[in-house]
Amino acid sequence: MIIKSGASISGYGSGKAFRLCRGNVTGTHVMSIDEAFDAERERLSALSGESDIFQAHLEILEDPMLRDSVEEHISGGESPLEAVASACSEIVSMFSTIDDEYLRARVDDVKDVCRNLECRLAGKSSGVLDIPDGAVVVADEVFPSDTSRMDLSKVSAFVTRKGSVTSHVCIIAGARGIPVALGVDIDKIAEGDYVIVNGDASEVAVNPSEDELQKFEECRRVNEGELEIIREAVEYRGHIVNVYGNAGSVEDVAKAIAAGADGIGLFRTEFVFMGSDKYPTEEEQFAIYREAALLCGDRPLTIRTMDIGGDKALPYLSMEPEDNPFLGVRGIRLCLANPDLFKIQLKAILRAGTFGNVRILIPMVTSVGEILRVREIIEECKAELSSEGKEFAAGIPLGAMVETPASVFAGASIAEKVDFFSIGTNDLTQYIMAADRGNSGVSQLYNPKNPAVKNAVGMVVSNAHNAGIKAGVCGEAASDPEYAEFLVETGIDSLSISAPRLIPVIKHLIRK
Amino acid sequence: MTTEKVVVMAPNGLHARPAGEIVRIAKSFADSAVTLTCGGKTVKATSMLSILSLGLKKGTEVEVSADGGDEAGAVNALVNLIQSVTE
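Residues numbered from 1 in each chain as written. Chains lettered and ligands numbered in written order. Predicted model: local features only at pLDDT ≥ 70, side-chain atom pairs only at ≥ 80, totals over all residues.

Draft legend 1. Representation of helix H1 (residues 16–28) of chain B in the model. Residues and elements named next belong to chain B. The end-to-end C-alpha distance of H1 is 19 Å, a good match for the 18 Å that 13 residues give at a rise of 1.5 Å each. Among the residues making up H1, those that are buried are Pro18, Ala19, Ile22, Val23 and Ala26. Buried residues in H1, looked at end-on, bunch into an arc of 150°, giving them a common side. Exposed side of H1, more than 90 degrees from the buried face: Arg17, Arg24, Lys27 and Ser28 are the residues found there. Of the surrounding elements, those touching the buried residues of H1 are strand S2 (32–38), helix H2 (48–53) and helix H3 (71–84). (Helix = DSSP H or I, 4+ residues; strand = E, 2+ residues; numbered from the N terminus. Expected span 1.5 Å × (residues − 1). Buried ≥ 20, exposed ≤ 12 C-beta atoms within 10 Å, placed from the backbone. Arc of directions from axis to C-beta. Contact = placed C-beta atoms within 7 Å.)

As structure tokens, this is what we get:
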């Protein structure tokens, strides 16, 4: 049985369910209310140096509001156990009606303090919990006092009904790489059930079937980097889908190839320009591109020309301040405004082309005119290289990044003039949705899964195929397995993945 | 018993930090029982949770009362504190 969780902390864990007892503590009283307060005061004072949480608990324990409320209920005829429970629910319900961030955050603390008092009263020691090795801890909520009583090295995952990703348990679990599934209907899990938590997919499997087990097992192997590396290209329904890597340095190229990438779908060259205090010479650039080309062998190395502007500036290149840099002189616009600099890069790339399977990718394309101008400049470069007696690759494919709405709508005509398309979903999403990707206020809109973006991707793929060229995706969205599935269904020819560890994952996914 | 009314001036109301200061001052006048009253509700000034539960916003009038040996000093100190919180 698979249960969807609400929010979760990423990771993979499995083991037998260990249910933390929750709800009303009942039983006979083994100590008085005074003794219970004293015992808890002593415990918390000892812990208070360890964490602010316990200091806060101590303050709550000593706050007259709690003690007075408990005393009031006792004089009203309740047992100390009942009185603590009543005081707790009274305070919690009062806090929840007040618009104060501090008080809302204290609700869990009040519950925690009260539950420990109840345990004391009933003689249920709040000592160390005897958790079996590798257990999945299942609880309504996990409080700081619970985690402080656990040997966390024995916990393989937490599954809770309540709590948020900012709660204490999530913070300490996240720091230790323990997955947490929140918002789970824990009534469906019994003590001793075999439970698997897939924090990346927000899924919990209880006593999984063979199929479910296999699916989770694959996720775990991926998570732990055990997935077999596939070196050959994979097919989906008879159509080859190349899985490339994105690279921002020569080391990245090596890592992607080692992870089984079919090539480099996006070699960002900004590092070449940003790491120095003057514009790098043709020779300097040539050495870098040649090394990357040699690493790729006969696999394609897609070199994107300088994508400066927007949020990136160069210390040695003067640029006018702009009100809207993302709608300003960036990418190919900046290169066409500085053709001398652009030519140095193009010549270095053309020369590196003789050492491998190099392709050129132009960023921020909006019109056919830009492509034609780039082709002219490339011809000028070739003529110069010839007269300088330097070797170069004459037939290097030229591709356009599709990351502006203009390049989507003018796609049919641009496709006639280029050799391939590469969709940059990061910027395409931002420009189509008119939503700044760094602005949390519009983060709901900044979503490549939005139908507007998906339709655009569909248009790009059909424009490319109608013109007989290939279309790939090099944005972050290609690394999302769910999105990758959509892209492959749409007929995409390649996916370029940022994290090398995801390259085998995506390859396995396509093959299936 | 000494009583004095004071209006909360802090733009964000009396939040956790000033409430903590009230508690510390109230506790230091150990000979008096110090209370705050607002909207018909009276709470001990030694309870941070109680003070916060009053939800004291800017412009709210609070009555500070103390009963005991140093009651005048206690009320004076708390009124001065509440007036001086301007953050």
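Once you've had a look at it, read on.
Draft legend 2. Inspection of the interface of chain A and chain B at higher detail. Each partner contributes to the interface: chain A provides twelve residues, whereas chain B provides eleven residues. Among the secondary structure elements, those contributing two or more residues to the side of chain A that touches chain B are helix H2 (52–62), helix H3 (64–75), helix H4 (80–96) and helix H5 (101–121) of chain A. Across the side of chain A that touches chain B, the residue classes break down as eight nonpolar, no polar and four charged. (Nonpolar A, V, L, I, M, F, W, Y, C, P; charged D, E, K, R; others polar.)

Draft legend 3. Local environment of the pairing of strand S13 (residues 357–362) of chain A. All names here are of chain A. The buried fraction of S13 amounts to five of the six residues, a majority that puts the element mostly inside the structure. The pairing of strand S12 (residues 300–304) with S13 spans five bridges and is classified as parallel. Paired with arginine 304 across the strands is leucine 361, a residue of S13. Both S13 and strand S14 (residues 398–402) contribute to a ladder of three bridges, which runs parallel. The partner of isoleucine 360 across the bridge, within S14, is leucine 398. (Pairing = 2+ DSSP bridges.)

Draft legend 4. Region of interest: the sheet that holds strand S3 (residues 12–19) of chain A. Residues and elements named next belong to chain A. Ordered by their spatial adjacency, eight strands build an open sheet running S1-S8-S7-S3-S4-S5-S6-S2, and the pairing between neighbours is mixed. Taken across any chain shown, the strands that pair with only one partner, and hence form the sheet edges, are strand S1 (2–4) and strand S2 (8–9). Pairing of strand S5 (residues 155–160) with strand S6 (residues 180–181) involves two bridges; the strand directions are parallel. Along S6, the bridge assignment pairs valine 159 with alanine 181.

Draft legend 5. View of the environment of asparagine 116 of chain A. On the secondary structure map, asparagine 116 of chain A appears in helix H5. Expressed as a C-alpha distance, the spacing of asparagine 116 of chain A and alanine 36 of chain A, which sit 80 residues apart in the sequence, is 8.9 Å.

Draft legend 6. Spotlight on the nonpolar core. The biggest cluster of nonpolar side chains holds 84 residues, and the ones touching the most others in it are Ile264, Phe421, Val460, Leu495 and Ile506 of chain A. A per-element tally of this core places helix H13 (residues 339–352) of chain A first, with seven residues. (Core = buried A, V, L, I, M, F, W, Y, C linked by C-beta atoms within 7 Å.)

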